[in-house]
Amino acid sequence: MRIKNVLPALLAIFGAFIFLASCEEDLGTIGSEIIGDQNINATLDDTKTVISYSRKLLPVQSNGLPIYQLGSYNDPVYGRTTANLLTQLTISQNQTDPIFNNGVVVDSVILYMPFFSEGTTDDDGNISYKLDSVYGADPIDISIFESNYFLRDFDPATGFEEIQNYYTNQGSTFDAFKGELIHTIPNFLISSEGFTIVTIPEPDDAGVQPDTITTNLGPGIRVELPPQYWKEKIIDVQGGPQLINNNNFREYLRGLYFKVAGTGDNLSKFNLENARIDMYYSSYNPLNMGDELAEQIDNRSITFEFNAISVNSIETEYTTEIGDNLMNPNTVDGEDRLYLKGGDGIMTILELFGPDNDGNGVADELDQMRTEKWLINEANLIFYVDKDAVTGGSKEPERILIYDVENNTALIDYANDTTSSAEDPLDSYTTHLGRLERGNDGSGDFYKIRITNHLSNLIHRDSTNISLGLVVSQNVGVPTFQDLENALAPGVTQIPASSVISHEGTVLHGNTSINGARRLKLQIYYTESN
């Protein structure tokens, strides 16, 4: 019985050896070429294989983001970026239509917006935190306004069938709808210190005092808001329609507008699903106990969450030089410098394999590869940092991302990357989207983007040779895209969300850089079929 089971496997192995031997007869020499500053062959010496140029993004959709920014950041190349935040509140689940007793007093109202952080507890029980996605050590002022601007879920222009988009350039509109100033946080500084909250419970029915409750909260923005505003806004409207459900509540209290002032570096990023406002209140109820009149203190709270619509308004004060360089890019021959900036920023367009001189609908260089049936062993786009334009160091973006701009999807190499499951997002998808390679001085040298499967599909599966987009990325594992208010040529209608939530920028050598050694390169290792 065992022999019968083994025989099919042996036959399969033997068949495989025959298959490999027959394939070996069809393979020619293995070669490699650097395409970009060198060409496929002498007859194509006028062809610029990789055409590259940069464009300023039109206003970018900034609702529906995975995380949101608040603060100010100074980029050494691109200037200062300011990120303000407009966000709706909702009443926490099962707390809508609250009933308040007479004589209610608002004891405190606490706003808490936690940073991304990781806590470590030592042997004595002390917790220290390591912060993530926060930048800078300068003070800024944060003003919190009630907003009179209503954020709606669906777009009436589409018959309420599509989500309503809001864009990075709407800050002036939000400013015009500022309502009451609720609170100001002057000279706010980012801190890695957490918060320890001690709660003293009420005695039980037997008069026994329970143990105190200690709660540890991670670092973030945690401030006390003025109780009177919340009493008037919440307590005083009980029984009315405003608090019956969250649809009514969002129409009534249309949102909070966080606006920053300051020119230093102080930028924080938040997952707003973890943010909240807790309103603690108490009421005193008279109790008739025979001949004596006693009072019962009733302590309660209601929570407001940040889980509805939020919008980032982002404004970058670009230097004149950057603005001039983006006005009229050379889309035919390409540019010597490529610009990348996150937020409402700048992207680069890449077009591979030059023109279609014979008019058959396929770029001539790609046509040649198809005719010669190149087997692609490895293909890389290598982007060198322009060190004359960039101040190297920690403000250089660690990751850049390439995508199909016509279909708004990642490349096939992204889906096939075995490093996608890395725990740290900084180390995920590094086979396809290589991290910034740095020199001994810590300054960025180059990025290597592997497009082996993409190029193989172009040659062997007649895939369309679409234009590619290149952007900086805060987290290359975020798969979603954001709309542009207006399309960019050539048909760019969306941008990866991970670029919108990124604040950094860089400058790279383009395909026409005067520095031939650092010019943008498409590096191909291939095997020719005979």
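Only a predicted model underlies this, so the values are computations on that prediction, with no experimental measurement involved.

Description of the overall build of the protein chain
(1) Moving on: Check the secondary structure of the protein chain and you find nine helices and 31 strands.
(2) Moving on: Per-residue burial over the protein chain gives 46% buried out of 530 residues.
(3) Moving on: Contacts in the protein chain between residues far apart in sequence, at least 24 positions, make up 79% of those at least 6 positions apart.
(4) Moving on: Surface exposure of the protein chain reaches about 25,800 Å², of which carbon and sulfur atoms provide 48%.

What about the packing of helix α6 (residues 364-372) against helix α8 (residues 452-460)?
For any two helices packed against each other, one specifies the crossing angle of their axes together with the interaxial distance.
(1) Moving on: For the pair α6 and α8, the least separation of the axes is 8 Å and the interaxial angle reads 75 degrees. When the axis of α6 is compared with that of α8, the two are roughly perpendicular. Within the contact between the two elements, α6 uses L366, M369 and R370 and α8 uses L455, L458 and I459.
(2) Moving on: Across the contact of α6 with α8, the residue classes tally to five nonpolar, no polar and one charged.

A few points about the nonpolar core
(1) Moving on: With 110 residues, the main nonpolar core has W230 and L381 as its most contacted residues.
(2) Moving on: At five residues, strand β21 (residues 346-352) tops the list of elements feeding residues into this core.
(3) Moving on: What W230 contacts, discounting residues up to four positions off in sequence, is L89, V109, I182, L225, I235, L253, I277, M279 and F304.
(4) Moving on: Among the nonpolar cores identified, the runner-up in size contains nine residues, and L86, Y149, F174 and Y257 belong to it.

Quick look at the packing of aromatic side chains
For any pair of aromatic rings, the description consists of the separation of the ring centres together with the inter-plane angle of the planes.
(1) Moving on: Evaluation of the coordinates by the stated rule reveals 15 aromatic pairs.
(2) Moving on: On the numbers, 5.2 Å between centres and 85 degrees between planes, the contact of F100 with Y281 is edge-to-face. Here F100, found in the loop between β5 (90-91) and β6 (105-114), pairs with Y281, found in strand β17 (residues 276-289); they are 181 residues apart in sequence, far enough to count as distant.
(3) Moving on: On the accessibility criterion, F100 (5% relative accessible area) is buried.
(4) Moving on: Ring centres of Y403 and F481 lie 5.4 Å apart, and the angle between their planes is 55 degrees; on these two criteria the pair is classed as tilted. Linking Y403 in strand β23 (residues 400-404) with F481 in strand β28 (residues 481-488), this pair joins segments that are 78 residues apart in sequence.
(5) Moving on: Its guanidinium or amino end placed over the ring of F145, K178 lies 4.7 Å from that ring's centre, counting from NZ or CZ.
(6) Moving on: Taking the ring centre of Y73 as reference, the NZ or CZ of K395 above it sits at 4.9 Å.

Details of α8
(1) Moving on: Within the span of α8, buried status applies to T452, H454, L455, N457, L458 and I459.
(2) Moving on: Directly beyond the C-terminal end of α8, a positive phi value near 55 degrees is found at D462.

Quick look at the pattern of salt bridges
(1) Moving on: Taken as a whole and judged by the stated rule, the model has 17 salt bridges.
(2) Moving on: In this structure, D445 engages K387 in a salt bridge whose closest nitrogen and oxygen atoms are separated by 3.9 Å. Here K387 lies in the loop between β22 (375-384) and β23 and D445 lies in strand β26 (residues 444-450), a separation of 58 residues in the sequence.
(3) Moving on: K387 sits in the partly exposed class, given a relative accessible area of 41%.
(4) Moving on: The closest approach of N and O atoms between R518 and D445, which form a salt bridge, is 2.9 Å. With a gap of 73 residues between them, R518 in the loop between β30 (505-509) and β31 (521-529) and D445 in strand β26 connect regions that are remote in the sequence.
(5) Moving on: Relative accessible area serves as the criterion here: at 17%, R518 is assigned to the buried category.

Focus: a nonpolar patch on the surface
(1) Moving on: The grouping of F154, F160 and I163 at the surface amounts to a nonpolar patch, some 320 Å² of accessible area in total.
(2) Moving on: On the basis of relative accessibility, which here comes to 39%, the residue F154 falls in the partly exposed class.

Concerning unusual backbone geometry
(1) Moving on: Positioned with a positive phi, D97 is a non-glycine residue whose angle comes to about 50 degrees.
(2) Moving on: Position of D97 relative to the elements: it lies in the loop between β5 and β6.
(3) Moving on: Judged by its relative accessible area of 40%, D97 is partly exposed.
(4) Moving on: Positioned with a positive phi, K373 is a non-glycine residue whose angle comes to about 55 degrees.
(5) Moving on: For K373, the position within the fold is in the loop between α6 and β22.

Quick look at the side chain of S313
(1) Moving on: Along the polypeptide, S313 turns up in strand β19 (residues 310-316).
(2) Moving on: For S313, the contacting residues outside a window of four places in its chain are T82, A83, N84, T168, G171, F174 and Y257.

Considerations on the side chain of D155
(1) Moving on: With respect to the helices and strands, D155 occurs in the loop between β10 (140-147) and α2 (171-176).
(2) Moving on: Look at D155: it is buried, it has no salt bridge, and the nearest opposite charge is R152 at 5.0 Å.
(3) Moving on: Once you skip the residues sitting within four places of it in the chain, D155 turns out to touch F160, E161, E162, I163 and Q164.

A closer look at the pairing of β28
(1) Moving on: With four bridges connecting them, β28 and strand β29 (residues 492-496) associate as antiparallel partners. Within β29, the position partnered with Q482 by the bridge is I495.
(2) Moving on: Linking β28 to β29, which pair antiparallel, is a turn of three residues; within it G491 sits at a positive phi near 75 degrees.

A few points about the confidence of the model for the protein chain
It should be kept in mind that the predicted coordinates are not to be read in detail where pLDDT is low.
(1) Moving on: For the protein chain, the average pLDDT comes to 88, and 88% of its residues sit at 70 or higher.
(2) Moving on: Scored below 50 in pLDDT, residues 37-47 makes 21 contacts in the model with residues more than four places away or belonging to other chains.

Details of the environment of I309
(1) Moving on: Relative to the helices and strands, I309 resides in the loop between β18 (292-305) and β19.
(2) Moving on: Judged by relative accessible area, which is 12%, I309 ranks as buried.
(3) Moving on: With residues near it in sequence (within four places) discarded, I309 still touches N63, L86, T87, Q88, L151, R152, D153 and R250.

Notes on the environment of G323
(1) Moving on: For G323, the position within the fold is in helix α5 (residues 320-325).
(2) Moving on: On the accessibility criterion, G323 (28% relative accessible area) is partly exposed.
(3) Moving on: Along the sequence, G323 and Y78 sit 245 residues apart, while their C-alpha atoms lie 9.4 Å from each other.

Reading the values: the criteria
- Residues numbered from 1 in each chain as written.
- Predicted model: local features only at pLDDT ≥ 70, side-chain atom pairs only at ≥ 80, totals over all residues.
- Heavy atoms only, no water.
- Helix = DSSP H or I, 4+ residues; strand = E, 2+ residues; numbered from the N terminus.
- Buried < 20%, exposed > 50% of the residue type's maximum accessible area, 1.4 Å probe, protein only.
- Contact = heavy atoms within 4.5 Å.
- Areas by Shrake-Rupley, 256 points an atom, 1.4 Å probe, with all protein chains shown as cover.
- Axes fitted to C-alpha atoms, helices over the stretch in contact; angles between N-to-C directions.
- Parallel < 35°, antiparallel > 145°, perpendicular 65-115°, else oblique.
- Nonpolar A, V, L, I, M, F, W, Y, C, P; charged D, E, K, R; others polar.
- Core = buried A, V, L, I, M, F, W, Y, C linked by side-chain atoms within 4.5 Å.
- Phe/Tyr/Trp six-rings, centres within 6.5 Å; stacked < 30°, edge-to-face > 60°.
- Lys NZ or Arg CZ within 6 Å of the ring centre and 35° of its normal.
- Salt bridge = Lys/Arg side-chain N within 4 Å of Asp/Glu carboxyl O.
- Patch = residues over 30% accessible without salt bridge, like charges linked within 9 Å, V, L, I, M, F, W, Y side chains within 5 Å.
- Lys, Arg positive; Asp, Glu negative; His and termini not counted.
- Pairing = 2+ DSSP bridges.
- pLDDT = per-residue confidence, 0-100.

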